[in-house]
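# Close look at the chain arrangement
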Amino acid sequence: MIKESLLAFTLMGGANYADFKTTQDAINRGAIEINPVYRKIPMAPVKIAATVIETGVFIHLYKRKSKKAAWIWVGSVVLVNVGIAIHNSRVAR
């Protein structure tokens, strides 16, 4: 369970970081953040909290013997954040 949780945390944390980094890069190129949450709260703490919460959801699903659902959750989180990172990398070019 510990190895699986660390893997899930690493995958989701990496995907969240990709979103964070590409957002910052896009802003530095002149893009504007349109997410109202990040206009009021710095993005880094929100992404850290999101990764912790997402990992908590994974652990909850995994412990309930829903291992498949837990890994589907991880895949979904990663795909969404990677998709956002790809979009961000194309903004303000």
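Before any of the text, the structure's been laid out above.
Residues numbered from 1 in each chain as written. Predicted model: local features only at pLDDT ≥ 70, side-chain atom pairs only at ≥ 80, totals over all residues. Heavy atoms only, no water.

## Focus: the side chain of T51
Following the sequence through the fold, T51 ends up in helix α3 (residues 43-63). Judged by relative accessible area, which is 6%, T51 ranks as buried. At 3.0 Å, the side chain of T51 forms a polar contact with the side chain of N16. Discounting residues that sit within four places of it in the chain, T51 has contacts with F9, M12, G13 and N16. (Helix = DSSP H or I, 4+ residues; strand = E, 2+ residues; numbered from the N terminus. Buried < 20%, exposed > 50% of the residue type's maximum accessible area, 1.4 Å probe, protein only. Polar contact = N/O pair within 3.5 Å; in protein donor to acceptor, adjacent residues only side chain to side chain. Contact = heavy atoms within 4.5 Å.)

## A closer look at the packing of aromatic side chains
Enumeration according to the criterion identifies three aromatic pairs in this entry. Ring geometry for F58 and Y62: centres 5.4 Å apart, planes at 35°, overall tilted. Taken as a pair, F58 and Y62 lie in helix α3 at a separation of four residues, close to a single helical turn. Exposure remark for F58: the relative accessible area of 0% places this residue in the buried category. Ring centres of F58 and W71 lie 4.9 Å apart, and the angle between their planes is 65°; this geometry places the pair in the edge-to-face category. One end of the pair, F58, is in helix α3; the other, W71, is in helix α4 (residues 67-90), with 13 residues separating them in the sequence. Looking at W71, the relative accessible area reads 29%, which means it is partly exposed. An aromatic cluster of at least three residues, connected via ring pairs, comprises F58, Y62 and W71. (Phe/Tyr/Trp six-rings, centres within 6.5 Å; stacked < 30°, edge-to-face > 60°.)

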